Amino acid sequence: MKKHLKLAAYAALLLLLPFATGLALGKTWVRILDFALLYVMLALGLNIVVGFAGLLDLGYVAFFAVGAYCYALLASPHFGLHLPFWMILPIGAFSAGIFGMLLGAPTLRLRGDYLAIVTLGFGEIIRIFLNNLDTPYNVTGGPQGIDLIDPIRLGPVSLNQPPGHAVYSYYFLFLLFALATAFVSTRLQHSRIGRAWAAIREDEIAAEAMGIDTRNVKLLAFAMGASFGGLSGGLFAGFEGFVSPESFTLTESIMILSMVVLGGMGHIRGVVFGALLLAILPEALRYVGPLEQSLFGKIVVDPSGLRMLLFGFSLILVMLLRPAGLWPSPTRKRELLAHGETAKHENTDIYDAGR
Amino acid sequence: MTQDAKLLEVRDIGRTFGGLAALSGVSLTINRGEIYALIGPNGAGKTTLFNILTGIYKPDSGNFRLEGVEMAGKKPSELAKSGISRTFQNIRLFANMSAIENVMVGRHCRTRASVLGAILGNSNTRAEEKSIAEMAKHLLDYVGLSRHAHMLARNLSYGDQRRLEIARALATEPKLLALDEPAAGMNPLETDSLKRLLETIRRDGVTLLLIEHDVKLVMGICDRLAVLNFGKKIAEGEPSQVCSDPLVIEAYLGAS
């Protein structure tokens, strides 16, 4: 009974959140919430690769781009195609999954730093392709990107209607998808496949010797993670109505990785928390400028610079004080406590505070 | 019994590492249901042979058959699926997983739930998951670790870690269980209980291949053994025979 009450409370919170936010802070903030949900999906996808299977991926945003461009090409005047979103989203997720395998196949023997460099290069390659595939034949629209993308429609109803309230309808759509990805992640983690991923993370040679086809299982991790990215890419394109290579830079990849690491690698709730925090924090720090104005009567430090400085500083602080992430899984917590010299001397109370 | 008595046939296996012949022309046969040991001085090629039989290395020449099926060149995971499972000399458990999870991983190649099944959680998948957990529990009990089922592998005592590796290997339902120095670093008490465990495993129908430095354990437990020296097999047979073989005495004690 108590569990049901808790569930109902969560549901009510999630349903009322956008309206409360809209009333209190304005529509800009509802839009930020929408983006935060997209980041939750991205972080959960990357968590499969990095957190579950232990494969460092610095080019994850490439899959987001693949999903977004799939949507853009199949539902815009660019090619004159206007497929419905329930067809495009699976196509986008599937194509991203294929790209995930394309990245995974040549990197099967790599780990750690080496894998990170290759994945970083892969992310850049995709972005540069998107940037330059406007000649000789205009496929991606080049640096201008693709404009006038169809909004997501549920039957005859466009989510952009009524005008000005799109942020609310998209919130619920994204919420649905974010919950679904969290559900899928949880199920996968506690399955035989999730155990195989964990085994590979722990000791690849032993995993192979115990009958796990490490090649297939690693490719599966890349493909699953990538398809989550592709899915949220499609949603992003429908929401924004515009895509360009600028949205898919290395900074984005690093941001998503930070969400996973900061939240607590391999721990789904932690990753969701990390994604929400890092999606919202930089926006909240925009208020630094007006705050300075009201405190000192003038702008003392350039707010845009200070914003990123504070952001970076808080990241460093978190990693120093809580190396296992803000909300680590119980296992990972023990692991880091056993490993790191600094962690050994940590006050265990700090860890328990988050639970 | 129409089944062939020969479980594993190794023929003329050779392997070089940059000009050094680690193994040359080694042949041996392991019969069903026996405990077969491989001994030899350091650098004799025991571990190389072992790694070839478990798929970590590919042989340069020769081949080996399990129940008449050609196995040389297969990947470790394929060999595990075919029925050769192993433990490691320097323990390689999944250190940050619990004991029972370690054993459950061993069930991977005998189960088949797909991504879709895992996501949907249908009745087949749930039944399979339940059987995995039950089998893992049973195996932990079998090696005497059931009270530590939920402890992290890294926190188990050394002897228990060795036992857990055996349980994990048994979870793949091997026909041949290959143990790389299972008694290394054990005290006499632990060695003794290991010996009993190995005898139980043999009694339950699993053939054992054993590399071991502890000659007393080897002589006390194995049915037949082969001695390697400088990459060649210098003797094979029952312990009493091999012990008195002059070539073996020379290899271990030096020429007189």
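Because the structure is a prediction, the values reported are computed rather than measured.

All names here are of chain B. Taken in spatial order, the four strands line up as E2-E1-E4-E5 in an open sheet, and their pairing is antiparallel. Looking at strand neighbours, the two that pair on one side only are strand E2 (20-31) and strand E5 (69-70), the edges of this open sheet. Relative to strand E1 (residues 6-17), helix H1 (residues 46-53) is tilted by about 120 degrees, and along the sheet it contacts E1, E2 and strand E4 (61-66).

Moving on, we get to the interface of chain A and chain B. Between chain A and chain B, the contact holds 32 residues from the first and 37 residues from the second. Roughly 2,800 Å² is buried in total at the junction of chain A and chain B, and carbon and sulfur atoms are behind 63% of that figure. The tally of links from chain A across to chain B stands at three salt bridges. Salt-bridge contacts for Arg92 of chain B lead to Asp203 of chain A; the nearest nitrogen and oxygen are separated by 2.8 Å. The tally of links between chain A and chain B comes to eleven residue pairs in polar contact (both at pLDDT 80 or more). Where the side of chain A that touches chain B is concerned, the elements lending two or more residues are helix H6 (166-189), helix H7 (192-202), helix H8 (204-209), helix H9 (214-240) and helix H14 (330-339) of chain A. For the side of chain A that touches chain B, the leading source of residues is H7 of chain A, giving seven residues. Of the residues belonging to the side of chain A that touches chain B, the class tally is 17 nonpolar, five polar and ten charged.

Residue and element names in this part refer to chain B. Taken domain by domain, chain B consists of domain 1 (1-75 + 176-256) and domain 2 (91-173). Each of domain 1 and domain 2 has a C-alpha centre, and these two points are 27 Å apart. Taken together, the contact between domain 1 and domain 2 spans 17 residues of the former and nine residues of the latter. Summing both partners gives a buried area of about 950 Å² for domain 1 against domain 2, and 66% of it is carried by carbon and sulfur. On inspection of domain 1 and its partner domain 2, the count reaches zero salt bridges.

Looking now at the packing of helix H3 (residues 99-106) of chain B against helix H5 (residues 123-142) of chain B. Residue and element names in this part refer to chain B. The geometry of H3 relative to H5 is characterised by a closest axis approach of 9 Å and an angle of 115 degrees between their N-to-C directions. Viewed along their axes, H3 and H5 form a crossing whose handedness is right-handed. Taking contact as the criterion, the partners of Ala99, Ile100, Val103 and Met104 in H3 are, on H5, Glu129, Ile132, Ala133, Ala136, Lys137, Leu139 and Leu140.

All names here are of chain A. Summarising burial for H7: ten of the eleven residues are buried, a large majority. Arg192, Ile193, Gly194, Arg195, Ala196, Trp197, Ala198, Ala199, Ile200 and Glu202 are the residues of H7 that are buried. N-capping of H7 is provided by Ser191, with a side-chain oxygen placed 3.1 Å from the backbone N of Ile193.

This part takes up the nonpolar core. Within the largest apolar cluster, 109 residues are counted, with the highest numbers of intra-cluster contacts made by Tyr71, Phe174, Leu188, Trp197, Leu235, Val243 and Phe248 of chain A. It is helix H2 (residues 27-52) of chain A that provides the largest number of residues to this core, a total of 16 residues. What Trp197 of chain A contacts, discounting residues up to four positions off in sequence, is Ile48, Phe52, Ala53, Leu188, Val217, Leu220, Ala221 and Met224 of chain A. Core analysis: the next-biggest nonpolar cluster, separate from the first, contains 43 residues, Leu139, Ile166, Leu210 and Val242 of chain B among them.

Conventions used here
- Residues numbered from 1 in each chain as written.
- Chains lettered and ligands numbered in written order.
- Predicted model: local features only at pLDDT ≥ 70, side-chain atom pairs only at ≥ 80, totals over all residues.
- Heavy atoms only, no water.
- Pairing = 2+ DSSP bridges.
- Helix = DSSP H or I, 4+ residues; strand = E, 2+ residues; numbered from the N terminus.
- Contact = heavy atoms within 4.5 Å.
- Axes fitted to C-alpha atoms, helices over the stretch in contact; angles between N-to-C directions.
- Buried area = accessible area lost by both parts, 1.4 Å probe.
- Salt bridge = Lys/Arg side-chain N within 4 Å of Asp/Glu carboxyl O.
- Polar contact = N/O pair within 3.5 Å; in protein donor to acceptor, adjacent residues only side chain to side chain.
- Nonpolar A, V, L, I, M, F, W, Y, C, P; charged D, E, K, R; others polar.
- Domains from an automatic or database assignment.
- Left-handed = near helix turned anticlockwise from the far one by under 90°.
- Buried < 20%, exposed > 50% of the residue type's maximum accessible area, 1.4 Å probe, protein only.
- Core = buried A, V, L, I, M, F, W, Y, C linked by side-chain atoms within 4.5 Å.

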